[in-house]
Structure formats: C-alpha cells, structure tokens
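Inside the fold
These are the residues of each chain, in order.
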Amino acid sequence: NPLPKVGVQIELPTIMRNISWYGRGPFENYPDRKSAALVGIYKSTIEEQYVPYIRPQENGNKCDVNWCEIKTDEGQGLRIEGSLFNISAHNYTLENLTTATHTNELKNSDQVTLNIDHRTSGLGGNSMRTNIKKDYLLTDGAYEYSFWIKPLKAF
C-alpha cells in the first residue's frame, strides 16, 4: 500500500499561533492539486489553517515550501528551512482528525501539531483515493531529506 506521507511531526505550545511561509498558497494544496496555488510569502494563524470538510480529515497542506516560521504574537518561535518540503499545522492532533467522523468530534488539543513533510501522496479525484496517478503515490522505500530549525527571538 502507498504511504500517505513521509515526514516529521512536531508538537508546539498553543501560544505559537502564527504561521508564515514561502511556498505555495495561500490555500491548501497537494502534489496533484497545486497549479492554482502560486508561490509567494503568506501569513496566517494556525486556527485559519483548518479546512472544514464535512468529514474531518487531514487537511491544509502547503507544497513547495522553502521556509516556514511559526511564532507567538510577540515574535518568538521557530524558523524551518529546507529544500522544498510540505507543511501543515493544526490545533487538532492527527489522530483526532483521522478518527473523527463529524466536526463536533474535533477537540482543540493543548498543542499545535506541525507537520514538516518531505513528500505527500496526491489526493486523486474522489474520496476513496482510488484514482491517484502513480507519479503522486509514495511507495515503500528509502527517503532522505533535511531541514534546519532555527530559533526566532522577539525584537
């Protein structure tokens, strides 16, 4: 079976509620659905990253990201730099997004979940993900990527 994604997940305190990135945006995009998402510098809040699908699921991915900053209102936080990675960030855990069947089952967690992914699978054209082109599937194998995490200080 193909992998949904390959990457790292970091849990951060909820005071880190602001996110900015240089990559595709401002709306969610995936490898097979990104042509309308232009590369630029975007700013948002973690709360605004959630996409309210009828059935909760992982969402809000951003492709082709060169850097991402996630920080407090005072400007303290982290800067992630790398060579074209994917990001998504939520006030919900991945487990909660995956197991909830209705939006009222989503519970704000006491953390921000930040995904820094090397690659993500495409979405295909239906909810069963049965028609994803092979170019957008991640197969079992070895993957390598790197990124830097740098502290940000308030001025």
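So, here is what we can say about the structure in this document.

What counts and what doesn't
- Residues numbered from 1 in each chain as written.
- Predicted model: local features only at pLDDT ≥ 70, side-chain atom pairs only at ≥ 80, totals over all residues.
- Heavy atoms only, no water.
- Helix = DSSP H or I, 4+ residues; strand = E, 2+ residues; numbered from the N terminus.
- Buried < 20%, exposed > 50% of the residue type's maximum accessible area, 1.4 Å probe, protein only.

Right, let's talk about unusual backbone geometry for a bit. With an omega of 0°, the peptide bond between Gly-25 and Pro-26 qualifies as cis. Its place among the elements puts Pro-26 in the loop between strand E2 (18-25) and strand E3 (38-45). You will see that Asp-64, though not glycine, has its phi angle at about 55°, which is positive. For Asp-64, the position within the fold is in strand E4 (residues 62-71). A relative accessible area of 19% means that Asp-64 is categorised as buried. With a phi angle near 45°, Leu-84 is a residue other than glycine that sits in the positive phi range. Among the secondary structure elements, Leu-84 is positioned in strand E5 (residues 77-90). Residue classification places Leu-84 among the partly exposed positions, given a relative accessible area of 44%.

Purely geometric numbers; function is a separate question.
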